[in-house]
Amino acid sequence: MPQNEDVRFTSSSIKKFPLFSPPPLHHHRHTPNPLHFILQSFPKFSHPFHQNLNPKIGFFQTLSKKFNPQITILQFLRKPRNINPFSCNLSNTPLLCCASIALTQSNPDNTASLTASSSGPKAGSGNEERVLISEVLVRNKDGEELERKDLESEALNALKACRPNSALTVREVQEDVHRIVASGYFCSCMPVAVDTRDGIRLVFQVEPNQEFHGLVCEGANVLPARFIEDSFRDGYGKIVNIKRIDEIIISINGWYMERGLFGAVSGIEMLSGGMIRLEVSEAEVNNIAIRFLDRTGEPTVGKTRPETILRQLTTKKGQVYSMLQGKRDVDTVLAMGIMEDVSIIPQPAGDTGKVDLVMNVVERKSGGGISAGGGISSGITSGPLAGLIGSCAIYHKNLFGRNQKLNLSLERGQIDSIFRINYTDPWIEGDDKRTSRSIMIQNSRTPGTLVHNQPDGSLTIGRVTAGIEYSRPFRPKWNGTAGVMFQRAGARDDKGGPIIRDYYSSPLTASGNTHDDMLLAKLEAVYTGSGNPGSSVFVFNMDQGLPVWSEWLVFNRVNARARKGLVLGPVHLLLSFSGGHVVGNFPPHEAFALGGTNSVRGYEEGAVGSGRSYVVGCGEISFPLMGPVEGAVFADYGTDLASGPTVPGDPAGPRRKPGSGYGCGVGIRVDSPLGPLRLEYAFNDQRTGRFHFGVGLRN
C-alpha cells in the first residue's frame, strides 16, 4: 500500500534528562568534569564547631568542621569530549534518543500546516487539527513485523491516545512516541502515516535495543566487581531495558553515597555485539595540605609541624576520598588536644578528575598552662575531710611542635599525696605503627587502710616509682602496652616514720626491711568497643618481678576485668567481671582488696577480704527517670577464693574479714562532663547499709 504523500510525520531527537542534571550546555558540547557532579551529589554534613570564634572569621567559620562539597567547589570545570549519538554520557546526553514529530497536511491552497515541537503545544491546544486514524500498528524500522511479539506488546501497551478509529492531533501522537521510548526497550521510534482504503494507518516503526551479552566497566577501583556483576546478572541474554539501567546507576551511586565516597557513574554506552560500557568516576586524593589560620580566619604561621598533623590522617594520596574517613581524621586531629578548630575542604585538582584536600587548623593560644582541680579518694572512710583531694598541674601539650606532652602535677589530700613528672610522645617519630612512649617519675603516699586498717591510727604506703612504657594499637579496637618500672615501697605511720609491722604484728614488707625494691616488667592488652555504655571492654595486665638483685622481689601478678552492656529498649543491662592472682613473694599491701564502691557495694573499702586471688561479679539494670537522670538496681558478689591466709602476714585474719560477701541496692546516675556521677545505697549480706559515691562507669 503506498504511503500518503499529503500527510507525513517527521522525527527529530530530544533529550531525556540525565540522573545528575548539570547546568545548561553550550553549543560546543563540552561536558562537566565528572568530579563536579560527584561532589554535587553528596548531602551536606556538618560537625559541631567552636562557637566562640571571632565573627570576622567569615569563610572559615562557615566551613569549620563541615564537609560540604557543594560549598567547597569554587569553580565549574569543563573539558571537551566527543559525543557518540548512540551512547549515553550522564553528564549531558540522554540514555536514549526520543522522537518528536511534525504533521503537515496539504490543502487546495497548499498553505495549511500544523507542526509541534518537542516541547509540545501550550494551552489552547484543543484548536489543533485532528487526523482520523483507522489502524495502529507496530513494525520494525523496515516496516516488517517484529520477530518478538513481547516487544510489540510492550509498545502497544505504552500507547495511550493512539487507538484505531480515533482522531489524533500531532501532540497526542508525539506523546505516544515518547511513551514507547520511555518503556525502555527501544532506541528509536518513527511514526509513519500510510493511506489505505479504510483510512490512514499509523505505523510506529521501532528499533529495539540490543540483547545484553557483556559488560565493560572502567574507572571503578573501589567498587567491588561482584556488586557490578550482581547488578547486571539478571539482564544477560535479554533486551536491554533503559529503565533497569537507570535503577542500576542509582544503586551504584547509592553504594558510594552510603560509604561517603566521592564516586558515581559518569557515562554509559551501548557497544556493538550487545556490550555495555560503564564508566565510573572516582575522585582520588591528589594532594593534602595543612593551612594554619588565626581566630579571624586569616593565614598565619603555625607552631605545630605539618608532618605531625599529616601522619595522624588515615586519608592518603591515591585513595578515593571518603567523607566518613575525613570526619574521623578531623576527630583524630582534635583529639591531639592542641587544636581549637579543624576543617577539611575538598577542591578539584585542576582538570585531572582528582581532588585536593586542604585542612584548615586553628591552634590553641598556648600549648601550656596551669590547671587545678579536685577529686575523691576511695581509700579514706573517716575524718572531717574524708576522701577529698586537691590537685594542681603545670603542663605543655605541644613540645617542639611535635604534640609531645610534659606534665608536672601535685595531688594532696588528708593523707594522700602524689607528685608526678610525666613526659609522653604520642607517636614516636619514624615509627609507622603509631607507637607512643611515656616516661614517668612519681613519689606517692596513699592510704594503706584497704589492707591494713589500723585501730590506733592511720597507715600509709610510700612509693617512689620510675619507668618507661611503650604503647601501640595492634588490632582494630585492641591496644597493647609494654614497659619496665622500678618501685621502692614501704609503710609509714601517722607521723611519717617507717614501720615494718602493723598493729597486729603482721609484716608490712615482704623483705623484712623498711622498704621493698622491685623491677617490674609490665604487659597490658586493652579491648574497647565503640565507647558507648552498651559496648564491650576487656583489660588484661600482668606484672613480672625481675630478679636483677638478690633482695629484689620476684613475683607474677595477673589481673583481668571485663564489662558488657546490653540495651533492651529503654533499659540498659550492665554485666561486669574482674579477677586476679599473684604467684611468688609480694608485698602484703599489694594484695587484692575486696569491698567498696568499685568492688562489693554495701561494704567499706577493703572490708570483704585481702587475698592473693579474687573474683568479683556485678549485674546492674539502669533505666531513664528524667532528663539526664537515670535510676539503677544492682547486685555485687566478691570472694578471695580462700586465699586470704596465703598473703604474707595474713592481714585479713586478725581483722576478721569474711573473705566473701555480696551486696545489693539502688542508685541514681547523672550524666556529666566527667562521666556518670553515681550515688548509691546498698545492703550487704550482714544486713548493714552504706552510701557510695563514684564518678565514671564502674570498673
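About the criteria used
Residue positions are counted from 1 within each chain, in the order its sequence is given. This being a predicted model, a pLDDT of at least 70 is required before a residue's local features are given, and a value of 80 or more before pairs of side-chain atoms are given or counted; all residues contribute to the totals for chains, interfaces and linings. The side-chain numbers reported here are obtained from all heavy atoms of the structure, hydrogens and water having been left aside. Counting from the N terminus, the helices are the DSSP runs of H or I reaching at least four residues and the strands are the DSSP runs of E reaching at least two. Contact between two residues is taken to exist if any of their heavy atoms lie within 4.5 Å; hydrogens are not considered. Every accessible area reported is derived by Shrake-Rupley at a probe size of 1.4 Å, with residue values counting cover from the shown protein chains alone. Only protein chains enter the accessibility calculation, which uses a 1.4 Å probe; a residue whose area is less than 20% of its type maximum is buried, one above 50% is exposed, and one in between is partly exposed. Any two strands between which DSSP finds at least two bridges are classified as paired. In this analysis, the expected span of each helix is defined as 1.5 Å times one less than the number of residues it contains. Inter-axis angles, ranging from 0 to 180 degrees, are taken between N-to-C directions of lines fitted to C-alpha atoms, where helices are fitted over the stretch in contact. Aromatic rings from Phe, Tyr and Trp, with only the six-membered ring used for Trp, were paired whenever their centres fell within 6.5 Å, and each pair was classed as stacked if the ring planes differed by under 30 degrees, edge-to-face if by over 60, and tilted otherwise. Criterion for a charge above a ring: Lys NZ or Arg CZ within 6 Å of the ring centre, and within 35 degrees of the ring normal. We call a set of buried residues a nonpolar core when its members are Ala, Val, Leu, Ile, Met, Phe, Trp, Tyr or Cys and they connect through side-chain atoms within 4.5 Å of each other. Basic side-chain nitrogens of Lys or Arg form a salt bridge, by our definition, when they fall within 4 Å of a carboxyl oxygen of Asp or Glu. Here is the rule for angles: anything less than 35 degrees is roughly parallel, anything more than 145 is roughly antiparallel, 65 through 115 is roughly perpendicular, and the remaining ranges are oblique. If you view the pair so one helix is near and one far, a crossing is left-handed when the near helix is turned anticlockwise from the far one by less than a right angle, and right-handed when it is turned clockwise. Gly falls in the polar group here, along with every residue not listed as nonpolar (Ala, Val, Leu, Ile, Met, Phe, Trp, Tyr, Cys, Pro) or charged (Asp, Glu, Lys, Arg). In protein, a polar contact means a hydrogen-donor-capable atom and an acceptor-capable atom, both N or O and within 3.5 Å, with residues adjacent in sequence counting only if both atoms are side-chain atoms; elsewhere, any N or O pair within 3.5 Å suffices. A residue's pLDDT is the predictor's confidence in that residue, given on a scale from 0 to 100. Pairs of cysteine sulfur atoms within 2.5 Å are what we label disulfides.

Here we look at the overall build of the protein chain
Of the regular secondary structure elements, the protein chain holds 10 helices and 36 strands. Across the protein chain, every contact between residues at least 6 apart in sequence was considered, and the portion connecting residues at least 24 apart equals 61%. When the accessible surface of the protein chain is totalled, it reaches about 34900 Å², and 55% of it is carbon and sulfur.

Examining the pairing of strand 13 (residues 263-270)
Across the eight residues that make up strand 13, a large majority, seven, are buried. Pairing geometry for strand 13 and strand 14 (residues 275-282), over seven bridges, is antiparallel. Residue Met270 lies in a different strand from strand 14, and its bridge partner there is Ile276.

A word on helix 5 (residues 170-182)
Between its terminal C-alpha atoms helix 5 stretches 18 Å, which fits the 18 Å expected from 13 residues at 1.5 Å a residue. Along helix 5, the positions that sit buried rather than exposed are Val170, Val173, Gln174, Asp176, Val177, His178, Ile180 and Val181. Looking one or two places after helix 5, you find Gly184, whose phi comes out positive at around 95°.

Looking at the sheet that holds strand 16 (residues 339-348)
Pairing within the open sheet is mixed, and its three strands lie in the order 15-17-16. Where the open sheet ends on each side, the last strands, each with one partner, are strand 15 (285-292) and strand 16. Each adjacent strand pair in this sheet contributes to an overall mean axis angle of 15°, direction not counted. Across seven bridges, strand 15 lies against strand 17 (residues 355-363) in parallel orientation. Bridging across to strand 17, Ile288 finds its partner in Leu357. Packing against the sheet, helix 9 (residues 323-335) makes contact with strand 16 and strand 17, and its axis sits at approximately 155° to strand 16.

Let's talk about the sheet that holds strand 9 (residues 166-168)
Overall, mixed pairing links the four strands, which are arranged 9-8-11-10 in an open sheet. The outermost strands of the open sheet, each flanked by one partner alone, are strand 9 and strand 10 (186-196). The sheet shows a mean angle of 45° between the axes of neighbouring strands, direction not considered. The sheet contacts of helix 4 (residues 149-158) involve strand 8 (131-140), strand 10 and strand 11 (199-208), and relative to strand 8 the element is tilted by about 150°. Of the strands in this sheet, strand 9, strand 10 and strand 11 touch helix 5, which is tilted by about 140° from strand 10.

So, the packing of aromatic side chains
Two aromatic rings are characterised by how far apart their centres lie and by the angle between their planes. In the structure shown here, the tally under the stated rule is 14 aromatic pairs. Aromatic pair Phe227 and Trp255: ring centres 6.3 Å apart, planes at 45°, arrangement tilted. Here the residue Phe227 occupies a position in helix 6 (residues 225-232), and Trp255 occupies one in helix 7 (residues 242-258), the gap between them amounting to 28 residues. Trp255 gets classed as buried once you look at its relative accessible area, which sits at 11%. Arranged with centres 6.0 Å apart and planes meeting at 40°, the rings of Phe474 and Trp478 form a pair that is tilted. The exposure class assigned to Trp478 is partly exposed, which follows from its relative accessible area of 26%. Taken together, the ring pairs connect Phe474, Trp478, Tyr527 and Phe538 into an aromatic cluster. Between the NZ or CZ atom of Arg601 and the centre of the ring of Phe634, over which it lies, the distance is 3.9 Å.

With respect to unusual backbone geometry
Although it is not a glycine, Phe400 sits at a positive phi angle of roughly 60°. With respect to the helices and strands, Phe400 occurs in the loop between strand 19 (388-399) and strand 20 (404-413). Positive phi outside glycine occurs at Arg434, with the angle close to 60°. Locating Arg434 in the fold gives a position in the loop between strand 21 (417-425) and strand 22 (436-447). With a relative accessible area of 32%, Arg434 lands in the partly exposed category.

What about the pairing of strand 36 (residues 689-695)?
For a regular strand, the rule is simple: side chains alternate between the two faces of the sheet. Looking at chain direction, strand 35 (residues 677-684) and strand 36 are connected through seven bridges and run antiparallel. When the bridges of strand 36 are listed, Glu680 appears paired with His692. The hairpin formed by strand 35 and strand 36 contains four residues between the paired strands, and Arg687 there has a positive phi angle of roughly 65°.

Considerations on the nonpolar core
Core analysis: the largest hydrophobic core is formed by 23 residues, its most contacted members being Ile133, Cys162, Ile180, Cys189, Leu202, Phe204 and Val206. Every residue in contact with Cys162, bar those within four places of it in the chain, is listed here: Val136, Leu168, Glu172, Val173, Asp176, Leu202 and Phe204.

As for the side chain of Gln442
Tracing the backbone shows Gln442 in strand 22. The exposure class of Gln442 is buried, given its relative accessible area of 14%.

Things to note about the pattern of salt bridges
Taken as a whole and assessed by the stated rule, the structure comprises 35 salt bridges. Overlapping salt bridges, with partners in common, bring together Arg601, Glu620, Asp636, Arg669, Arg678 and Glu680 in one network.

Some words on the packing of helix 6 against helix 7
In contact at an axis separation of 10 Å, helix 6 and helix 7 are set at 155° when each is read in the N-to-C sense. Here helix 6 lies roughly antiparallel to helix 7, going by the angle between them. Read as a crossing pair, helix 6 and helix 7 show a hand that is right-handed. Residue-level inspection shows Phe227, Ser231 and Phe232 of helix 6 in contact with helix 7, the latter providing Arg244, Ile245, Ile248, Ser251, Ile252 and Trp255. Tallied by class, the residues present in the contact of helix 6 with helix 7 amount to six nonpolar, two polar and one charged.

Points about the side chain of Arg601
By secondary structure assignment, the location of Arg601 is in the loop between strand 30 (592-594) and strand 31 (609-611). Only 2.7 Å separates the side chain of Arg601 from the side chain of Asp636, close enough to count as a polar contact. In this structure the side chain of Arg601 is engaged in a polar contact, spanning 2.8 Å, whose partner is the side chain of Glu680.

Re the confidence of the model for the protein chain
When pLDDT is averaged along the protein chain, the result is 81; 79% of the residues meet or exceed 70. When the criterion is pLDDT under 50, residues 1-125 qualifies, and its contacts beyond four places in sequence or with other chains add up to 287 contacts.

Concerning the state of the cysteines
This model, assessed by the stated rule, comprises zero disulfides. In this model Cys162 remains outside any disulfide bridge; the closest cysteine sulfur is found in Cys189, 9.3 Å from its own.

Quick notes on the environment of Ser438
Looking at where Ser438 falls in the secondary structure, it is placed in strand 22. The sequence separation of Ser438 and Leu406 amounts to 32 residues, and the corresponding C-alpha distance is 9.9 Å. Sequence-distant contacts of Ser438, defined by excluding residues within four places in its chain, comprise Asn422, Tyr423, Thr424, Gly467, Ile468 and Glu469. Within the structure, Ser438 has its side chain in polar contact with the side chain of Asn422 (distance 3.3 Å).

Here we look at the environment of Val608
With respect to the secondary-structure elements, Val608 resides in the loop between strand 30 and strand 31. Judged by its relative accessible area of 0%, Val608 falls in the buried class. For the pair formed by Val608 and Ser660, sequence separation is 52 residues and the distance between their alpha carbons is 5.8 Å. Apart from residues lying up to four places away in sequence, Val608 is in contact with Leu594, Gly595, Val600, Tyr603, Gly638, Lys657, Pro658, Gly659, Ser660 and Gly661.

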